[in-house]
Amino acid sequence: MSNDILFENRLSHLGTTPDRLLRQIEAPPEALVIGYTSQMDGFGTNRSDLDLYVFDDKIQSPRTEQVAVGSVVADVEFSRITELEKAIQFVAGANVDDPIWISQSRVPSLTKVLYRLRTGARLQTSDRAERLLRHVSLDRLGRIMVRYYILAVDDAAEDAVRHFEAGNYLSAVHMGRRALDFAVLAYLANAGALVFKLKWIYQALTMHLGPAHPITVAFYQYHFDAVSADTAGRTAERMIRHWEKIVNDLG
């Protein structure tokens, strides 16, 4: 099922239609309007909120509104389409292997929005908008998130190793789990599965790798097996080796 049809079915379930929703949010007639819900990536439920992105040069300044759509809330972001052009150029022209560029605070949120625009439901579009969206490369967005998550692994790993070396093994396990989370997200992004929220890791692993995959099994064990003061040191040491292997395998 295409995401356009999925989103239309979701709106029908909520008692509305794409045309009614466009009138409700007062979208300009030539605007690009993209709808997104986590169900498009295999997550969430029929109770998940909606996200709408509206781009048009008649919009004077960026703003965000919330509207009720049946029993859920839709977050609506309004921006000028020239801002979308700048965002696409910013990503297209960057050296994604530069850690300084990757570490900019806007990079993950911008990547998430461009991913949603590229994969979301077209509620309204134009030739200009379609030409722009063709320049959004999912492969490039994936590379960005791989590099971003690897940097996040490094940050969490530094804390985990520091705690481990000081003998604070339970703290090392706590930070080690964060490092493992980001290593898994990098692995998934490298496989073409972009996951932007930690809460979806469990479902993403099962969906994309399967419950029997070694990374899925290890992830569940490190997160859900009981850890005591007596076993924390060994657990932290194994976890450190595990996330290092995942990251090293990514090159």
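Look up: the structure comes first, before these words.
Heads up: these notes are all about the structure in this document. (Residues numbered from 1 in each chain as written. Predicted model: local features only at pLDDT ≥ 70, side-chain atom pairs only at ≥ 80, totals over all residues. Heavy atoms only, no water.)

Re the packing of helix α8 (residues 169–190) against helix α9 (residues 201–208)
Running from N to C, α8 and α9 point in directions that differ by 40 degrees, and their axes come no closer than 11 Å. Here α8 lies oblique to α9, going by the angle between them. Crossing handedness for the pair α8 and α9: left-handed. Contacts from Asp181, Val184, Leu185 and Leu188 of α8 reach α9 at Ile201, Ala204, Leu205 and His208. Its residues assigned to classes, the contact of α8 with α9 shows six nonpolar, one polar and one charged. (Axes fitted to C-alpha atoms, helices over the stretch in contact; angles between N-to-C directions. Helix = DSSP H or I, 4+ residues; strand = E, 2+ residues; numbered from the N terminus. Parallel < 35°, antiparallel > 145°, perpendicular 65-115°, else oblique. Left-handed = near helix turned anticlockwise from the far one by under 90°. Contact = heavy atoms within 4.5 Å. Nonpolar A, V, L, I, M, F, W, Y, C, P; charged D, E, K, R; others polar.)

Side note on the sheet that holds strand β5 (residues 121–124)
Spatial ordering of the open sheet is given by β3-β4-β2-β1-β5, a layout of five strands whose pairing is mixed. In this open sheet, the two edge strands, each paired with only one partner strand, are β3 (63–69) and β5. Sheet twist, expressed as the average angle between the axes of neighbouring strands with direction ignored, equals 25 degrees. Pairing geometry for strand β1 (residues 32–36) and strand β2 (residues 50–55), over five bridges, is antiparallel. Opposite Ile34, over in β2, you have Tyr53 as the bridge partner. Here helix α1 (residues 3–13) sits on the sheet in contact with β1, β2, β3, β4 (72–79) and β5, set at roughly 65 degrees to β5. (Pairing = 2+ DSSP bridges.)

Focus: the pattern of salt bridges
Inspection of every chain in the model, using the stated rule, returns 14 salt bridges. Linking Glu85 and Arg128 is a salt bridge whose minimum nitrogen-to-oxygen distance equals 3.3 Å. In this pair, Glu85 sits in helix α3 (residues 81–92) while Arg128 sits in helix α6 (residues 127–133), placing the two residues 43 residues apart along the sequence. Judged by relative accessible area, which is 23%, Glu85 ranks as partly exposed. Between Arg122 and Glu130 there is a salt bridge whose closest N-O contact spans 2.9 Å. Each member of the salt-bridge network shares a partner with another, and the members are Asp57, Arg80, Glu85 and Arg128. (Salt bridge = Lys/Arg side-chain N within 4 Å of Asp/Glu carboxyl O. Buried < 20%, exposed > 50% of the residue type's maximum accessible area, 1.4 Å probe, protein only.)

With respect to the pairing of β2
The buried fraction of β2 is high, at six of six residues. Neither face of β2 is exposed, since Leu50, Leu52 and Val54 on one face and Asp51, Tyr53 and Phe55 on the opposite face are all buried.

Some remarks on the side chain of Thr16
Following the sequence through the fold, Thr16 ends up in the loop between α1 and α2 (18–24). Assessed through its relative accessible area of 12%, Thr16 is described here as buried.

Some thoughts on the side chain of Ser48
Note that Ser48 resides in the loop between β1 and β2. Dropping the residues within four chain positions of it, Ser48 is found in contact with Arg10, Thr37, Ser38 and Val72.

Looking at the nonpolar core
Core analysis: the largest hydrophobic core is formed by 67 residues, its most contacted members being Leu84, Leu114, Leu117, Ile144 and Trp243. A total of twelve residues in this core trace back to one element, the largest contributor, which is α8. For Trp243, the contacting residues outside a window of four places in its chain are Val153, Ala157, Ala160, Gly176, Ala179, Leu180 and Ala183. Counting residues in each nonpolar core, the second largest holds 24 residues, with Phe7, Leu22, Val72 and Leu123 among its members. (Core = buried A, V, L, I, M, F, W, Y, C linked by side-chain atoms within 4.5 Å.)

Describing the packing of helix α5 (residues 106–119) against helix α7 (residues 138–165)
Contact pair α5 / α7: the axes reach a minimum separation of 10 Å and the direction vectors enclose 155 degrees. If you check the angle between α5 and α7, you find them roughly antiparallel. When you trace α5 past α7, the crossing you get is left-handed. Judged by residue contacts, Val107, Pro108, Thr111, Leu114, Tyr115, Arg118 and Thr119 of α5 engage Leu138, Leu141, Ile144, Met145 and Tyr148 from α7.

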